[in-house]
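Report on the structure
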Amino acid sequence: MPRLPPAEKLPLAVRKNVRDEWENERESWEKKFSDILGTEWKININPAAIYPYAEENSYAHSSLGACIKSYISGAEYQLKYYVEKFGDLIKDDINTIAHAHVITMDLDEDKLFSYCGVKVTSEGELAIIFVEDKLGTNIDYAMEKSNLQKALDAAPNSKPLNHTARVGIKDDYEPKIAAAQAELNKYLGKEITFDPNFEDTWAKLSASKDTRDDYPTNLGNFALKYLEGLNWYLKCQKFHEDDMLQEGLTEALEGNAIRFRIVDKLSKSYNESVIEDGVLYLQTTAANWGTNIDHVADGLVELL
């Protein structure tokens, strides 16, 4: 369906509804978004451009102003929840990627969603978008987490990882890494830092056609699990009870580091551990990333 031209003039009852239900409240909604995101945001929605997509006898057709307000109210609720959960990371990404600091509404020309969603426009506006014959449907969910992540991931971004990957690291990796690192230190009898090597891992996974589709979501989760796989091996070998094993491994790790990495080829089936230049590498290929994680350290004692 080609984009429809804006309505030349809205019916009187519709204009009144837009004025009473939306325009009279727009500034208060702008303040709510500005408070959530920590900087000034504006809302710029053209009711005449939306009205042609409202089907006869529909909510949007009879109460366009209330319909617009409902989309904005749903977006504010979803955004507030997302920011409360993940904090400054979300605010910074939205303010940087949607740099115009404007919320608008538009047609989903690219058919990105089934009913409605959100995208970042070429002008840097955050646009609530709706499917041509679904205006007024699933209003509350246009800016829910997965839709917003999809929009921010698709927009130009100068950061080394996309938005979803950074959220995954904050949600799945950061709250648990201290405990996993402490467990590692216990088994080794000294502090040797684990390096998840996120940026290099991201670059190699992104460049490979063999990488699983959910890699942005699992970047932080799988990095933690590879470390936990090493810890499990050390526990099973009773490193924490054996000074000889501890000394053998720590003496080999002159670089005092354990690092995850993606490589082109393995000497084993799915993953492996190798020691190079005094660093223990937990490694796998892009195709095998996330497979048999628990066995990444199998055979480590034989390397010493």
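No experiment lies behind these values; they were computed from the predicted model shown. Here the residue numbering is sequential within each chain, running from 1 through the sequence in written order. Restriction of local features to residues with pLDDT of at least 70 applies here, the model being predicted, together with a cutoff of 80 or more for giving and counting side-chain atom pairs; totals for whole chains, interfaces and linings are based on all residues. The basis for the side-chain values is all heavy atoms of the structure; hydrogens and waters are excluded.

With that settled, the discussion passes to the overall build of the chain. Secondary structure summary: the chain contains 11 helices and eight strands in total. For the radius of gyration, the atoms used are the C-alpha atoms, and the globule rule reads 2.2 Å times the number of residues raised to 0.38. The C-alpha atoms of the chain give 26 Å as radius of gyration, which overshoots the globular expectation for 304 residues (19 Å, by more than 25%). Seen through its principal axes, the chain has C-alpha atoms that stretch 85 × 35 × 30 Å. Residue burial in the chain is summarised as follows: out of 304 residues, 50% are buried. Of the contacts made within the chain by residues no fewer than 6 positions apart, 65% connect residues no fewer than 24 positions apart. Working definition of accessibility: Shrake-Rupley area with a 1.4 Å probe, residue cover restricted to the visible protein chains. When the accessible surface of the chain is summed, it comes to about 15,100 Å², and 46% of that surface belongs to carbon and sulfur atoms. Think of it this way: any DSSP run of H or I at least four residues long counts as a helix, any run of E at least two long counts as a strand, and we number them from the N terminus. Partly exposed describes any residue whose relative accessible area lies between the buried limit of under 20% and the exposed limit of over 50%, with all areas from a 1.4 Å probe on protein chains only and scaled to the type maximum. Here, two residues are considered to be in contact whenever any of their heavy atoms come within 4.5 Å of each other.

Attention now goes to the environment of Glu-76. Assignment of secondary structure puts Glu-76 in helix H5 (residues 64-86). Judged by its relative accessible area of 14%, Glu-76 is buried. Counting along the chain gives 180 residues from Glu-76 to Asn-256, while the straight-line C-alpha distance between them is 47 Å. Beyond its immediate stretch of four places on either side in the chain, Glu-76 contacts Trp-29, Lys-32, Phe-33 and Ile-36.

With that settled, consider the packing of H5 against helix H7 (residues 145-154). Simply put, an axis is a line fit to the C-alpha atoms, just over the touching stretch for a helix, and the angle between two N-to-C directions goes from 0 to 180 degrees. Closest axis-to-axis distance for the H5/H7 pair is 10 Å, and the angle between their directions is 80°. Looking at the two axes, H5 sits roughly perpendicular to H7. For the pair formed by H5 and H7, the contact residues are Leu-79, Tyr-82 and Phe-86 on the first element and Lys-145, Leu-148 and Gln-149 on the second. Each residue gets one label: Ala, Val, Leu, Ile, Met, Phe, Trp, Tyr, Cys and Pro are nonpolar, Asp, Glu, Lys and Arg are charged, and the others, such as Gly, are polar. When its residues are assigned to classes, the contact of H5 with H7 shows four nonpolar, one polar and one charged. In what follows, roughly perpendicular refers to angles from 65 to 115 degrees, roughly parallel to angles under 35, roughly antiparallel to angles over 145, and oblique to any angle outside these ranges.

The next thing to look at is the sheet that holds strand S6 (residues 257-262). Strand order in the open sheet formed by four strands is S5-S6-S8-S7, with mixed pairing between adjacent strands. Either end of the sheet is taken by a strand with one partner, and the two such strands are strand S5 (193-195) and strand S7 (271-276). In this sheet, neighbouring strand axes are inclined to one another by 20° on average, regardless of whether the strands run parallel or antiparallel. Each of S5 and S6 touches helix H8 (residues 163-188); the most contacted strand, S5, lies at about 135° to it. The sheet contacts of helix H10 (residues 215-236) involve S5, S6, S7 and strand S8 (279-284), and relative to S8 the element is tilted by about 120°. In this scheme, strands are said to pair when DSSP sees at least two bridges between them.

The element strand S2 (residues 102-107) is largely enclosed, with a buried count of five among its six residues. In the sheet, strand S1 (residues 42-43) pairs with S2 via two bridges, with the strands oriented parallel. Residue pairing across strands places Ile-43 opposite Ile-103, the latter belonging to S2. The pairing of S2 with strand S4 (residues 126-130) spans five bridges and is parallel. Residue pairing across strands places Asp-106 opposite Ile-129, the latter belonging to S4.

The interhelical angle for the contact between H8 and H10, taken along N-to-C directions, is 10°, at an axis separation of 7 Å. Looking at the two axes, H8 sits roughly parallel to H10.

Take unusual backbone geometry next. With phi around 55°, Lys-111 is a residue other than glycine that occupies positive phi space. Position of Lys-111 among the secondary structure elements: in the loop between S2 and strand S3 (116-120). Note on Lys-111: relative accessible area 58%, which makes it exposed. The phi torsion at Asn-197 lies on the positive side, around 55°, for a residue other than glycine.

The next thing to look at is the environment of Leu-161. The residue Leu-161 is located in the loop between H7 and H8 in this model. Considering only alpha carbons, one finds Leu-161 and Leu-10, 151 residues apart in sequence, at a separation of 45 Å. Once residues lying within four places of it in the same chain are set aside, the contact partners of Leu-161 are Arg-166, Ile-169, Phe-198, Glu-199, Trp-202 and Leu-219.

Only rings of Phe, Tyr and Trp enter the pairing, Trp through its six-membered ring, and a pair is recorded when the two centres are within 6.5 Å. The plane angle decides the type: under 30 degrees is stacked, over 60 is edge-to-face, the rest tilted. For the coordinates displayed, the defined rule picks out six aromatic pairs. In this scheme, the term charge over a ring applies when either NZ of a lysine or CZ of an arginine sits within 6 Å of the ring centre and within 35 degrees of the ring normal. The side chain of Lys-32 reaches across the aromatic face of Trp-29, ending 4.0 Å from its centre.

Attention now moves to the sheet that holds S4. One open sheet holds the four strands; their spatial order is S1-S2-S4-S3, and the pairing between them is mixed. Because the sheet does not close on itself, it has two edges, and the strands there are S1 and S3. Both S3 and S4 contribute to a ladder of five bridges, which runs antiparallel. Following the sheet pairing, Lys-119 is matched in S4 by Ala-127. Against the sheet, H7 touches S3 and S4, its axis set at about 25° to S3.

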